[in-house]
Amino acid sequence: MNWDDARIFLAVHREGTLRAAARALNLDQATVGRRLAALEHGLSAALFVRSTKGYTLTPAGKLALAPAEWMERAAHDLTRQTQGLDKRLAGEVKVTTTDALALEFVIPSIERLHAKHPDVCVHLSTSTQLLNLAKREADIAVRTVRPHNPGLVARQLASWPTGIFASESYLDRHGLPEEGTAFAGHDLVVYQPYLEAGRPPTFAGEPLHGGRIVGRFDSNLSVRAAIKAGIGLGELPASMGARDGLIRIWPLRTREAPYEVWLVTHEDLRRTARIRATIDEIVQTFQMRA
């Protein structure tokens, strides 16, 4: 099994169908099917059981999985370590972050980077999903959670207190909430992952059960837009709420843990010229705006 065959095999295993594997590999479905068939012929073994539910590993496929994953790790290590010696200020840099941080910090960084180094192309992915830097799904991540994976280098960009905010129009209609009432009589907009955290949700330590949750959003940017539109009260990093012109409720109260932002890259890549230049611009933007 060579690395190209291993990529096909792993993609089919992880995606479950030829169509999904082809999409992940940026190939057409017929090519994936043909190369998988050739791989199985070369090994004289069926690697998958085909069914209406998709592709599942056979006993032979299960034996092949660990070596294929080892080949994947070796290929990624080779790419990272050789790219780390690249001194050219040209080529692609893959950056992943959330939509809110992209708009306020990363895109202004890209603007300055492009002015200085026009041959560097940034591929920006905005998602709450944590892409895998070790597998080269991204070169740089700007995250709100610090990773502790071996081989990753993390630098804190910001640490903001989190408060409760409302628009002026909302407060004109509903007035200020009273502390200790769990937001009785008030409409609330909530970041969906807080509701899925396995513990009773709060805003700055105040329970939410007295209020009415009228919006659940899976991005910080959507929460900010909903609060600004006057849909309800919500919790935001204090700096973001202030920049949006919102009114902070109970200014002395804050969430116990601050809202942190971390820049993460792999230690093998951080000295690559185009990645180093991109990191420098992102860091500078946070220093100017945070």
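Quick caveat: nothing in here was measured; it's all calculated off a predicted structure. Per-chain numbering applies: the sequence of each chain, read as written, is numbered from 1 onward. Only residues with pLDDT of at least 70 are given local features in this predicted model, and only at 80 or more are side-chain atom pairs given and counted; all residues enter the totals for whole chains, interfaces and linings. The side-chain values count all of the structure's non-hydrogen atoms but skip hydrogen atoms and water molecules.

Enquirer: I'd like a description of the nonpolar core, backed by residues and values.
Expert: Soluble globular proteins tend to bury their nonpolar side chains together. One finds I140, V142, L157, W160, V261 and F286 to be the most contacted residues of the largest nonpolar core, which totals 24 residues. Note on conventions: DSSP H or I runs of at least 4 residues are helices, E runs of at least 2 residues are strands, and numbering of each starts at the N terminus. Those elements that place two or more of their residues in this core are strand 3 (91-97), helix 5 (99-116), strand 4 (120-126), strand 5 (140-143), strand 6 (152-160), strand 14 (259-266) and helix 10 (273-289). Among the elements that line this core, the one with the most residues is helix 10, at 6 residues. Non-local contacts of V142, meaning those with residues more than four positions away in its chain, are made with T96, T97, T98, L101, V106, L157, V261, W262, I282 and F286. Working definition of a nonpolar core: buried Ala, Val, Leu, Ile, Met, Phe, Trp, Tyr and Cys residues. They are joined through side-chain atoms within 4.5 Å. Only protein chains enter the area calculation, which uses a 1.4 Å probe; residues under 20% of their type maximum are buried, those over 50% are exposed, and those in between are partly exposed. If you look at the next biggest cluster of nonpolar residues, it comprises 21 residues, including L25, L47, L65 and A68. Contacts are assigned to residue pairs with any non-hydrogen atoms lying within 4.5 Å of each other.

Enquirer: Any details on the pattern of salt bridges? Residues and values, ideally.
Expert: Throughout this description, the term salt bridge denotes a Lys or Arg side-chain nitrogen within 4 Å of a carboxyl oxygen of Asp or Glu. By the definition in use, this model includes 12 salt bridges. Between R112 and E281 there is a salt bridge, and its shortest N-O distance comes to 2.8 Å. Linking R112 in helix 5 with E281 in helix 10, this pair joins segments that are 169 residues apart in sequence. By relative accessible area, E281 is classed as buried at 5%. Because the salt bridges share partners, they merge into one network encompassing E104, R224, R243 and D244.

Enquirer: Describe the sheet that holds strand 7 (residues 162-166), and please don't skip the residues or the numbers.
Expert: The 3 strands are arranged 12-7-13 in an open sheet whose pairing can be described as antiparallel. Edge positions in the sheet fall to strand 12 (234-237) and strand 13 (247-249), since each of these pairs with one other strand and no more. Here the strands of the sheet are splayed against their neighbours by 55° on average, with no regard to which way each runs. DSSP bridges decide pairing: two strands pair if at least two such bridges lie between them. Note that strand 7 and strand 12 share 4 bridges and pair antiparallel. Paired with I164 across the bridge in strand 12 is E235. Interaxial angles span 0 to 180 degrees and are taken between N-to-C directions of axes, which are lines fitted to C-alpha atoms, for helices over the stretch in contact. Contacts between helix 8 (residues 220-228) and the sheet are confined to strand 7 and strand 12, with strand 12 contributing the most and set at about 120° to the helix.

Enquirer: Describe the sheet that holds strand 6, listing the residues and the values that go with them.
Expert: Spatial strand order, 4-3-5-14-6: 5 strands in an open sheet with mixed pairing. Strands at the two margins of the open sheet, each flanked by one partner only, are strand 4 and strand 6. Ignoring which end each strand starts from, the neighbouring axes of this sheet average 20° apart. Inspection of the sheet shows strand 5 paired to strand 14 by 4 bridges, in the antiparallel sense. Counted as the bridge partner of R143 is W262 from strand 14. Packed onto the sheet, helix 10 meets strand 3, strand 4, strand 5, strand 6 and strand 14 and runs at close to 15° relative to strand 6.

Enquirer: Tell me about the packing of aromatic side chains, and please be specific about residues and values.
Expert: Whether two aromatic rings pair depends on their centres lying within 6.5 Å, for rings of Phe, Tyr and Trp, where Trp uses its six-membered ring; planes under 30 degrees apart make the pair stacked, over 60 edge-to-face, and the rest tilted. One pass over the structure, following the stated rule, counts 8 aromatic pairs. Taking 5.7 Å as the distance between ring centres and 70° as the angle between the ring planes, the aromatic pair formed by F183 and F203 counts as edge-to-face. Placement of F183 in the loop between helix 6 (168-174) and strand 8 (187-191) and of F203 in strand 9 (residues 202-203) is noted, with a sequence separation of 20 residues between them. You'll find F183 and F203 in the same group, each marked buried. Measuring from ring centre to ring centre gives 5.4 Å for F183 and W250, while their planes differ by 20°; the resulting arrangement is stacked. With F183 in the loop between helix 6 and strand 8 and W250 in the loop between strand 13 and strand 14, this pair connects stretches of sequence that are 67 residues apart. Just as F183 is buried, W250 falls in that class too. Grouping aromatic residues by their ring pairs yields a cluster made of F105, W160, Y259 and F286. When the ring centre of Y194 is taken as origin, the NZ or CZ atom of R255, which lies over that ring, is 4.4 Å away. A ring is scored as having a charge over it whenever the NZ atom of a lysine or the CZ atom of an arginine sits within 6 Å of its centre and within 35 degrees of its normal.

Enquirer: Give a detailed account of the side chain of D244, specifying residues and quantitative values.
Expert: With respect to the helices and strands, D244 occurs in the loop between helix 9 (238-243) and strand 13. For D244, a relative accessible area of 16% puts it in the buried group. When near neighbours in sequence (up to four residues on either side) are disregarded, D244 contacts R224 and K228.

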